[in-house]
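Architecture at a glance
Given next are the chains, with one letter for each unit.
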Amino acid sequence: MKSNRKTIQQLKLGNTKTFKKVYLAYYDKLFHICKKFQFKFLTPEDFIQEAFVKIYKNRHQLKEDVVLEAQIIVICKNIIYNYLQREKKIIPLDSNYLRDQTSSEISDYDETADKSENISKLIDQLPVQQKKIFKLHKLENYSYKEISSMTQLSHKTIANHIYLANNFIRKKIKKA
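Described in the following lines is the structure provided in the data block. (Residues numbered from 1 in each chain as written. Predicted model: local features only at pLDDT ≥ 70, side-chain atom pairs only at ≥ 80, totals over all residues. Heavy atoms only, no water.)

So, the packing of aromatic side chains
Scanning the entire structure with this criterion turns up six aromatic pairs. Aromatic side chains Tyr-27 and Phe-31 sit 6.4 Å apart centroid to centroid with 20° between the ring planes, which places their arrangement in the stacked category. With a gap of four residues between them, Tyr-27 and Phe-31 both fall in helix 2 (residues 16-34), about one helical turn apart. Owing to a relative accessible area of 23%, Phe-31 belongs among the partly exposed residues under this scheme. An aromatic cluster is defined as three or more aromatic residues linked by ring pairs; in this entry it consists of Phe-19, Tyr-23, Tyr-27, Phe-31, Phe-52 and Tyr-56. (Phe/Tyr/Trp six-rings, centres within 6.5 Å; stacked < 30°, edge-to-face > 60°. Helix = DSSP H or I, 4+ residues; strand = E, 2+ residues; numbered from the N terminus. Buried < 20%, exposed > 50% of the residue type's maximum accessible area, 1.4 Å probe, protein only.)

Side note on the nonpolar core
Residues Val-22, Leu-30, Phe-47, Phe-52, Leu-68, Ile-72 and Ile-80 are the most contacted members of the largest nonpolar core, which totals 23 residues. A total of eight residues in this core trace back to one element, the largest contributor, which is helix 4 (residues 68-89). Counting six residues, the second largest nonpolar core, distinct from the first, contains Leu-122, Ile-123, Leu-126 and Ile-169. (Core = buried A, V, L, I, M, F, W, Y, C linked by side-chain atoms within 4.5 Å.)

So, the pattern of salt bridges
The tally for this structure, following the rule as stated, stands at four salt bridges. Between Lys-12 and Glu-64 there is a salt bridge, with its nearest N and O atoms 3.5 Å apart. Note that Lys-12 is positioned in helix 1 (residues 2-12) and Glu-64 in the loop between helix 3 (44-57) and helix 4, a separation of 52 residues in sequence. Beyond isolated ion pairs, a larger network of salt bridges with shared partners links Arg-5, Lys-12 and Glu-64. (Salt bridge = Lys/Arg side-chain N within 4 Å of Asp/Glu carboxyl O.)

Concerning the layout of surface pockets
To find leftover empty space, one rolls a probe the size of a water molecule over the atoms. Taken as a whole, the largest pocket encloses approximately 600 Å³ of empty space. Around the largest pocket, the lining comprises 18 residues; the ones closest to its centre are Lys-54, Gln-61, Ile-75, Asn-78 and Lys-145. Listing elements by their share of the lining of the largest pocket, those giving two or more residues are helix 3, helix 4 and helix 7 (144-151). Tallied by class, residues from the lining of the largest pocket come to six nonpolar, seven polar and five charged. For the second largest pocket, the calculated volume is near 330 Å³. Glu-50, Lys-54, Asn-58, Ser-149 and Met-150 are, among the 13 residues lining the second largest pocket, the residues nearest its centre. (1 Å grid on protein atoms, 1.4 Å probe; cavity = no way out; pocket = protein on both sides within 12 Å on 5 of 7 lines; lining within 4 Å. Points joined across faces, edges and corners; volume = space filled by probe spheres on them. Nonpolar A, V, L, I, M, F, W, Y, C, P; charged D, E, K, R; others polar.)

Some details on the packing of helix 7 against helix 8 (residues 155-175)
The N-to-C vectors of helix 7 and helix 8 enclose an angle of 105°; their axes lie 9 Å apart at closest approach. One element, helix 7, and the other, helix 8, form an angle in the roughly perpendicular class. Facing helix 7, whose interface residues are Tyr-144, Lys-145, Ile-147, Ser-148 and Thr-151, helix 8 presents His-155, Ile-158, Ala-159 and Ile-162. Residues belonging to the contact of helix 7 with helix 8 are distributed by class as follows: five nonpolar, three polar and one charged. (Axes fitted to C-alpha atoms, helices over the stretch in contact; angles between N-to-C directions. Parallel < 35°, antiparallel > 145°, perpendicular 65-115°, else oblique. Contact = heavy atoms within 4.5 Å.)

What about helix 7?
Buried within helix 7 we find Glu-146, Ile-147, Ser-148 and Thr-151. Gln-152 sits one or two residues past helix 7 and shows a positive phi near 65°.

A look at the side chain of Gln-71
Residue placement: Gln-71 occurs in helix 4. Relative accessible area serves as the criterion here: at 11%, Gln-71 is assigned to the buried category. Not counting residues up to four positions away in its chain, the partners in contact with Gln-71 are Ile-8, Leu-62, Lys-63 and Val-66.

Some details on helix 3
Here helix 3 is 14 residues long and its end C-alpha atoms lie 20 Å apart, about the 20 Å a rise of 1.5 Å per residue gives. Residues of helix 3 that are buried: Pro-44, Phe-47, Ile-48, Ala-51, Phe-52 and Ile-55. With its buried residues spanning 130° around the axis, helix 3 presents them on a single face. For helix 3, the exposed residues set more than 90 degrees away from the buried face come down to Gln-49 and Lys-57. (Expected span 1.5 Å × (residues − 1). Arc of directions from axis to C-beta.)

Here's what the structure looks like:
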């Protein structure tokens, strides 16, 4: 446990040699964890890279009294689970879809595109912080927790920004 605590302390100080040792020590273990999942677009190496980037960026949050290996595995698994949740929301578009549509379907598509463009313009009218949080949550499917760690804002503040942005957009749409 002493070496665990010492390693985490060195990581918190930004010691690159220690970080490299940790990377090399846990890479294979994370690879075996990642390859158990079925990914449509990314590889296990992508998740390992993202996990270590997150570890390095948030190294000051590592807990010295918790085994480093457990922390690294939890971080990697959370990244995978979050990705899989977002991947479920993606609906692949068949390349023949647009070609096979009738003219009425195409006009419906054009109307939807116009609505999307109008909503994009409304989003651009939001205050900077609200716009950033709204896009992260609604367009990029980040959770409140993920946004909180990115922006250092509380969950309530994030919820409030999203609530205000939704209200603004709804009111503008009703007026139109």
